[in-house]
Amino acid sequence: MSTLQPAKKNIAPSRVNSAFKQLMSLHWVMASSYLVLFVTGSFMARLPRELLFRNSLYDFHKSIAVLTMALLTLRIFILLRVWWNKYTKRPPKFSKQWLKTVSLHTSLYIFMWAVPVTGFFLSNSYKNNNVKFFGFVLPDLFPQNSELVSLGRSSHFWVAYTFLAFILLHTASQWKVVRANCRRFLNFLKNQQAIGD
């Protein structure tokens with residue numbers, strides 16, 4: 001009987017170390033990246049144009065946006081792999097809760113894509129070769145058109161803040177997980193402080 005117990009214990013770690021673990025790691029990296037985008041975006045929009053570091057801040061903001069697009073692409077591939085492994089074995093139960101969860105997450109993925117794309121639209125409309133990835137100039141996704149700058153600015157603003165509203169909905173729906181992670185983080189800080197003392 002005792003020889004079977006270690007084998008059972010080994011099942012859970014192999015599942016945890018799968019694509020789902022990669023998804024969760026990417027989740028937190030992307031959450032941090034979007035936090036940086038929101039903070040820098042709202043900060044730099046209020047800066048006077050004559051400030052010297054304003055352009056550097058815009059370039060940094062755009063570089064993080066390009067990074068989030070790359071991470072989003074990777075995340076979608078991993079998610080499709082997770083879904084394939086999960087739903088080829090057992091099809092989903094189309095309950096109200098399942099549909100609600102899928103609708104919310106689909107909306108989040110659409111906004112994760114739409115926020116940087118509307119930002120590229122704004123940048124490209126304003127000026128050619130205006131999006132750089134940490135110094136490397138990227139090809140334009142949209143043609144330069146000064147008449148569309150105001151449309152680009154308003155669409156980027158509204159899509160970003162609608163995305164923020166959906167993030168708050170997502171946080172509320174995962175409140176138990178958020179609280180558990182906060183507790184873990186606070187315990188980690190206490191342990192680090194104890195080690196330092």
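Residues numbered from 1 in each chain as written. Predicted model: local features only at pLDDT ≥ 70, side-chain atom pairs only at ≥ 80, totals over all residues. Heavy atoms only, no water.

Under an unreviewed UniProt entry, the name given to the protein is Cytochrome b, and the source organism is Tolypothrix bouteillei VB521301. Taken directly from UniProt, the Subcellular location (unreviewed entry) text for the protein runs: "Cell membrane". Within the UniProt record for the protein, the comment given under Sequence similarities (unreviewed entry) is "Belongs to the cytochrome b561 family." (UniProt positions renumbered as here; feature names shortened; annotations may be inferred.)

1. Concerning the overall build of the protein
Broken down by element type, the protein carries six helices and two strands. N-terminal to C-terminal, the α/β element order of the protein is α-α-α-α-β-β-α-α. Once the C-alpha set of the protein is aligned to its principal axes, its extents read approximately 75 × 50 × 30 Å. Carbon and sulfur atoms provide 67% of the accessible area of the protein, an area that totals close to 14,200 Å². Here the protein contributes 24 positive and 5 negative side-chain charges, whose respective centroids are spaced 26 Å apart. (Helix = DSSP H or I, 4+ residues; strand = E, 2+ residues; numbered from the N terminus. Areas by Shrake-Rupley, 256 points an atom, 1.4 Å probe, with all protein chains shown as cover. Lys, Arg positive; Asp, Glu negative; His and termini not counted. Charge placed at Lys NZ, Arg CZ, Asp CG, Glu CD.)

2. Remarks on the nonpolar core
Met30, Tyr34, Ile78, Met112, Phe120 and Phe163 are the most contacted members of the largest nonpolar core, which has 29 residues in total. Elements with a contribution of two residues or more to this core: helix H2 (19-44), helix H3 (54-87), helix H4 (96-126) and helix H5 (149-173). When residues no more than four places from it in sequence are discounted, the contact partners of Ile78 are Ala19, Gln22, Leu23 and Leu26. (Core = buried A, V, L, I, M, F, W, Y, C linked by side-chain atoms within 4.5 Å. Buried < 20%, exposed > 50% of the residue type's maximum accessible area, 1.4 Å probe, protein only. Contact = heavy atoms within 4.5 Å.)

3. A closer look at unusual backbone geometry
In the Ramachandran plot, Phe134 falls in the positive-phi region, its phi being about 45° despite a non-glycine side chain. Relative to the helices and strands, Phe134 is located in the loop between strand S1 (132-133) and strand S2 (136-137).

4. Here we look at the packing of aromatic side chains
Any aromatic ring pair is given by two values, namely how distant the centres are and how the planes are angled relative to each other. For the coordinates displayed, the defined rule picks out eight aromatic pairs. Where Phe157 meets Trp158, the ring centres are 5.0 Å apart and the plane angle is 90°; that geometry is what we call edge-to-face. With a relative accessible area of 55%, Trp158 lands in the exposed category. For the ring pair Phe157 and Tyr161, a centre distance of 4.8 Å and an interplane angle of 45° mean the geometry is tilted. Here Phe157 and its partner Tyr161 are both found in helix H5, four residues apart, which amounts to about one turn of the helix. Taking relative accessible area as the criterion, Phe157 reaches 42% and is therefore assigned partly exposed. (Phe/Tyr/Trp six-rings, centres within 6.5 Å; stacked < 30°, edge-to-face > 60°.)

5. Let's talk about the side chain of Ser125
By the element assignment, Ser125 lies in helix H4. Taking the relative accessible area as the measure of exposure, Ser125 reaches 0% and is therefore buried. What Ser125 contacts, discounting residues up to four positions off in sequence, is Pro143, Gln144, Asn145, Ser146, Leu148 and Val149.

6. What about the side chain of Ser33?
Among the secondary structure elements, Ser33 is positioned in helix H2. You can call Ser33 buried: its relative accessible area is 9%. If we skip the residues at most four places from it in the chain, Ser33 touches Ile64, Thr68 and Leu71.

7. Let's talk about the UniProt feature "transmembrane region" (unreviewed entry) in the protein
Residues given the UniProt feature "transmembrane region" (unreviewed entry) here are residues 25-44, 64-84, 104-122 and 158-178. Along residues 25-44 the backbone is 100% helical and 0% strand, and the end-to-end C-alpha distance reaches 29 Å. Here residues 104-122 runs as 100% helix and 0% strand, with 27 Å between its end C-alpha atoms.

8. Observations concerning H5
Over its 25 residues, H5 runs 36 Å from end to end, which matches the ideal 36 Å to within 8%, given 1.5 Å per residue. Within the sequence span of H5, burial applies to Val149, Gly152, His156, Val159, Ala160, Phe163 and His170. Considering only its buried residues, H5 is in contact with H2, H3 and H4. (Expected span 1.5 Å × (residues − 1).)

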